[in-house]
Amino acid sequence: MPLTVDELKQFFGGREEEITCDIQILFELESLIANYEKELKLNHIERNDELLNKIKEEFLIKRIKEKVENCRGCGLIYADCHTQKVPGEGCTLAPLMLIGEAPGYEEDLMGRPFVGKAGQLLTRILNKLGINREKVYITNIIKCRPPNNRDPLKKEITACSEIIEMEIAVINPKVIITLGSTALNFIKGDSSIIRDRGKWIVYRNKIPVMPTFHPSYILRQHGTSEARVKWQVWEDFQNAIDKARELAPDYSYK
Ligand code: SF4
């Protein structure tokens, strides 16, 4: 859940110039909630947590989409293959966040993350582990498709980092799963996906992160290698989901 206004004020007291986009969004969210509660009080209506969560969720999704929509941060927006930007999607109140690399062909066409073959595999993995895809938050490190699905360049990742950092800050998940090398290296530079997958790391001294392979990597494997990689990814997801359930026991993934 987002930080409270008091926590934000305590942290930023006297250093207003450091108030970033995500902090502004959280302030706006707090004032939205305060207005909602004031209205309830005025009308002698009891607080409705379900409705409040819906208001929060819609507000955060809208602000994330606006942030992505307004971005002109790098040249990918002018690439011939560019159809549209692909913001993250899912539940902004989710304890579990999944971060991939970049949109591919289908994602660029549909404007949604992880909807191609790799995305379908990801959805199947989640479903088999009892997770409804809509109940987690899924995004990519960069929001525009690189030409020929090449790896994102360092300057593109840097340009887009404000958005992913904002997403992590406002969603404030309990656990993150990174999919593939780009997302892992965004969280912890100089990492190797082969060496470091399956080993917990921490984002900003706060959020536990489980690195695993990108589903497209599984799709490129054959024979015994395919079976091994599938098993490794399964194990990593299971560990991450167990931790997310432990840290947010009341959240329903159904
Ligand atoms: S990839 Fe990111 S930084 Fe580049 S234009 Fe798209 S949204 Fe902006």
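Report follows, based on the coordinates. Just so we're clear, the structure is a prediction, and the values are computed from it rather than from any experiment.

### What to know about the packing of aromatic side chains
Inspection of the entire model under this criterion finds 2 aromatic pairs. Taken together, a centroid distance of 4.9 Å and an interplanar angle of 75° make the contact between Tyr-251 and Tyr-253 edge-to-face. Considered together, Tyr-251 and Tyr-253 belong to a single accessibility category, that of buried residues. The ring of Tyr-251 carries the charged tip of Lys-135 above its face, separated from the ring centre by 5.2 Å.

### Focus on the pairing of strand β2 (residues 96–100)
Regular strands place side chains that alternate from one sheet face to the opposite one. Of all 5 residues making up β2, 5 are buried, and the element is well covered by its neighbours. Note that β2 and strand β4 (residues 175–179) share 4 bridges and pair parallel. Its bridge partner being in β4, Ile-99 is matched across the sheet by Thr-178.

### Observations regarding the side chain of Thr-212
Locating Thr-212 in the fold gives a position in strand β6 (residues 207–212). Filtering out sequence-adjacent residues up to four positions away, Thr-212 remains in contact with Ile-177, Thr-178, Leu-179, Gly-180, Ile-193, Arg-197, Gln-232, Val-233, Asp-236 and Phe-237.

### A few points about the pattern of salt bridges
Going through the model one piece at a time under the given rule, you end up with 16 salt bridges. A salt bridge links Arg-204 to Glu-165; the nearest nitrogen and oxygen atoms lie 3.2 Å apart. With Arg-204 in the loop between β5 (201–203) and β6 and Glu-165 in helix α6 (residues 154–171), the pair connects residues that are 39 residues apart, well separated along the chain. For Glu-165, a relative accessible area of 27% puts it in the partly exposed group. Here Arg-197 makes a salt bridge to Asp-236, at a shortest N to O gap of 2.8 Å.

### Here we look at helix α3 (residues 49–69)
For α3, with 21 residues, the first-to-last C-alpha span of 30 Å sits near the 30 Å given by 1.5 Å per residue. Within the sequence span of α3, burial applies to Leu-52, Lys-56, Phe-59, Leu-60, Arg-63, Ile-64 and Val-68. The buried residues of α3 occupy an angular sector of 165° when projected down its axis, which confines them to one face. Across from the buried face of α3, at angles greater than 90 degrees, the exposed residues are Glu-50 and Lys-62. Where the residues of α3 are buried, they touch α2 (21–42), β3 (137–140) and α6.

Conventions we followed
Residues numbered from 1 in each chain as written. Predicted model: local features only at pLDDT ≥ 70, side-chain atom pairs only at ≥ 80, totals over all residues. Heavy atoms only, no water. Phe/Tyr/Trp six-rings, centres within 6.5 Å; stacked < 30°, edge-to-face > 60°. Buried < 20%, exposed > 50% of the residue type's maximum accessible area, 1.4 Å probe, protein only. Lys NZ or Arg CZ within 6 Å of the ring centre and 35° of its normal. Helix = DSSP H or I, 4+ residues; strand = E, 2+ residues; numbered from the N terminus. Pairing = 2+ DSSP bridges. Contact = heavy atoms within 4.5 Å. Salt bridge = Lys/Arg side-chain N within 4 Å of Asp/Glu carboxyl O. Expected span 1.5 Å × (residues − 1). Arc of directions from axis to C-beta.

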